Amino acid sequence: RNRGGVAVRFSDTLKSRYLYVAYPFFGENGIIGFVRLSIPVDRANKSLYLFIRQILVLSVVLLAVALFIIHRTTKSFTDPVKELSAVSRKVAMGDFDSQVFTDEDNEIGELIKNFNYMTFRLKELFSQVVSDKEQAESVFRSISEACFVIDKNGIIKNVNDSFISLFPDAVK
């Protein structure tokens, strides 16, 4: 019973409906008094309406801010991945000079840095293979004896100049 109470009553004195709230004030030996508040119901309703309106406006603002942050965060991940995908297609077509530029300092940035290093190494290795092939072809062409290269099916794939000199009709 010492919990207090809330009531809505008509005030004959003020000729209006009021919201009354009363709660006990406790001391060491029990209740030492009551706190009693009253407010016109119309004013309470108006205050409640304003409070709810402020909560709704704040909720909409917070939702807009959250959506903006989500959009920016998502974009910060998807844009570098899209660019990495586009550049990887160029590298797959043999354009080893393509790179992805980033200032990201996260896993995406690390992936891009590793991709760029891999592209650099592919370019180096591809250049080395081409150089080795050209050197091998030069050595093959300079051999004074007739030489030819056949595939696994026995078809001649390459001949040197000495072979052509000895068998001019064999080369089509």
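Just above sits the structure.
Description of the structure in this document. (Residues numbered from 1 in each chain as written. Predicted model: local features only at pLDDT ≥ 70, side-chain atom pairs only at ≥ 80, totals over all residues. Heavy atoms only, no water.)

### Quick notes on a nonpolar patch on the surface
Residues Leu48, Phe51, Ile52, Ile55 and Leu56 make up a contiguous nonpolar surface patch of about 480 Å² in total accessible area. If you trace the backbone, leucine 48 turns up in helix H1 (residues 41-92). (Patch = residues over 30% accessible without salt bridge, like charges linked within 9 Å, V, L, I, M, F, W, Y side chains within 5 Å. Areas by Shrake-Rupley, 256 points an atom, 1.4 Å probe, with all protein chains shown as cover. Salt bridge = Lys/Arg side-chain N within 4 Å of Asp/Glu carboxyl O. Helix = DSSP H or I, 4+ residues; strand = E, 2+ residues; numbered from the N terminus.)

### What to know about helix H2 (residues 107-142)
Given 3.6 residues per turn, any residue in an α-helix points the same way as the ones three and four places further on. Over its 36 residues, H2 runs 52 Å from end to end, which matches the ideal 52 Å to within 8%, given 1.5 Å per residue. Among all positions of H2, only Ile108, Gly109, Ile112, Phe115, Asn116, Thr119 and Phe140 are buried. Turning to H2, the residues buried within the fold contact H1, strand S4 (148-150) and strand S5 (156-159). Two or three places before isoleucine 108, at the start of H2, stands the capping residue asparagine 106, its side-chain oxygen 3.0 Å from that residue's backbone nitrogen. (Expected span 1.5 Å × (residues − 1). Buried < 20%, exposed > 50% of the residue type's maximum accessible area, 1.4 Å probe, protein only. Contact = heavy atoms within 4.5 Å. Polar contact = N/O pair within 3.5 Å; in protein donor to acceptor, adjacent residues only side chain to side chain.)

### Concerning the pairing of strand S3 (residues 30-40)
Pairing geometry for strand S2 (residues 16-27) and S3, over 10 bridges, is antiparallel. Pairing of phenylalanine 26 across the sheet is with isoleucine 31, part of S3. Between S2 and the antiparallel strand that follows it, S3, lie two residues. (Pairing = 2+ DSSP bridges.)

### Some remarks on the environment of phenylalanine 101
In this fold, phenylalanine 101 is placed in the loop between H1 and H2. Classification of phenylalanine 101 as exposed rests on a relative accessible area of 64%. Spatially, the C-alpha atoms of phenylalanine 101 and leucine 84 are 9.2 Å apart, while their sequence positions differ by 17 residues.

### Remarks on the packing of H1 against H2
Two numbers describe how H1 lies on H2: the axes approach to 10 Å, and their chain directions differ by 10°. As judged from the angle between their axes, H1 and H2 are roughly parallel. Seen from H1, the contacting residues are Phe77, Pro80, Val81, Leu84, Val87, Ser88 and Val91; seen from H2, they are Ile108, Leu111, Ile112, Phe115, Thr119 and Leu122. For the contact of H1 with H2, the residue count by class is 11 nonpolar, two polar and no charged. (Axes fitted to C-alpha atoms, helices over the stretch in contact; angles between N-to-C directions. Parallel < 35°, antiparallel > 145°, perpendicular 65-115°, else oblique. Nonpolar A, V, L, I, M, F, W, Y, C, P; charged D, E, K, R; others polar.)

### Some details on the nonpolar core
The biggest cluster of nonpolar side chains holds eight residues, and these are Leu84, Val87, Val91, Phe96, Val100, Ile108, Ile112 and Phe115. With residues near it in sequence (within four places) discarded, phenylalanine 96 still touches Val91, Thr119, Leu122, Lys123 and Phe126. (Core = buried A, V, L, I, M, F, W, Y, C linked by side-chain atoms within 4.5 Å.)

### Topic: the pairing of S2
Relative to S2, strand S1 (residues 5-11) runs antiparallel, the two being bridged by seven bridges. Each bridged residue has a counterpart across the sheet, and for alanine 7 the counterpart in S2 is tyrosine 20. Where S1 folds back onto S2 in an antiparallel hairpin, the turn is made up of four residues, including lysine 15, whose phi is positive at roughly 55°.

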